[in-house]
Amino acid sequence: QVQLVESGGGLVQAGGSHDLSCAVTGSILRVYTMAWYRQAPGQQRELVAQITRGGVENYRDSVKGRFTISRDNVLNIVYLMMHSLRPEDTAVYYCNADVQETDREGYEPYWGQGTQVTVFS
């Protein structure tokens, strides 16, 4: 059973920094693309940043230059370092990973449970 366990949510003052992490656990053969999504109240879930197994990063325009995604391919952990936070960054942040389990061919997408980040001014 694959699980994604997020940590690091909390309250942050506008202009501040905050880090999130997400560990992928279970019977894992390989973790492919990992990503962070977020969903604000009344809004659709949106992609924040993603990183391939080879380290290619992609960001939504509103976080470019402020957020950095990184990963550890040995520990199967993905990080999101957030700087210059704004109230509009307030959302539930979800970890996502494409995971190939040890007894299966191909990969399946898995989601974390979500962690709340609230930015106050």
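Structure's up top.
Let me begin by describing the structure that accompanies this report.

Calculation notes
Residues numbered from 1 in each chain as written. Predicted model: local features only at pLDDT ≥ 70, side-chain atom pairs only at ≥ 80, totals over all residues. Heavy atoms only, no water. Salt bridge = Lys/Arg side-chain N within 4 Å of Asp/Glu carboxyl O. Buried < 20%, exposed > 50% of the residue type's maximum accessible area, 1.4 Å probe, protein only. Helix = DSSP H or I, 4+ residues; strand = E, 2+ residues; numbered from the N terminus. Phe/Tyr/Trp six-rings, centres within 6.5 Å; stacked < 30°, edge-to-face > 60°. Lys NZ or Arg CZ within 6 Å of the ring centre and 35° of its normal.

1. Remarks on the pattern of salt bridges
In step 1: As enumerated under the stated definition, the model contains six salt bridges in all.
In step 2: Arg38 is the partner of Glu46 in a salt bridge, and the nearest nitrogen-oxygen pair spans 2.8 Å.
In step 3: Classification of Arg38 by relative accessible area gives buried; the value is 6%.
In step 4: Between Glu46 and Arg60 there is a salt bridge; the shortest N-O distance is 3.4 Å. With a gap of 14 residues between them, Glu46 in strand E5 (residues 46-51) and Arg60 in the loop between strand E6 (57-59) and strand E7 (67-72) connect regions that are remote in the sequence.
In step 5: When its relative accessible area of 26% is taken as the criterion, Glu46 is described as partly exposed.
In step 6: Judged by relative accessible area, Arg60 falls into the partly exposed class, the value being 28%.
In step 7: Ionic contacts of the salt-bridge type, sharing partners, join the residues Arg38, Glu46, Arg60, Arg66 and Asp89 into one network.

2. A word on the packing of aromatic side chains
The relative placement of two aromatic rings is captured by the distance of their centres and the angle of their planes.
In step 1: If you walk through the whole model with that rule in mind, you get two aromatic pairs.
In step 2: The interplanar angle of 40° and the centroid separation of 5.3 Å between the aromatic rings of Tyr32 and Tyr107 together place this pair among those described as tilted. Pair noted here: Tyr32 is in strand E4 (residues 28-39) and Tyr107 is in the loop between strand E9 (91-101) and strand E10 (108-111), with a separation of 75 residues, a long-range link.
In step 3: We classify Tyr32 as partly exposed; its relative accessible area is 26%.
In step 4: Its guanidinium or amino end placed over the ring of Tyr94, Arg45 lies 3.7 Å from that ring's centre, counting from NZ or CZ.
In step 5: One Lys or Arg, Arg45, reaches over the ring of Trp111 and ends 4.7 Å from the middle of that ring.

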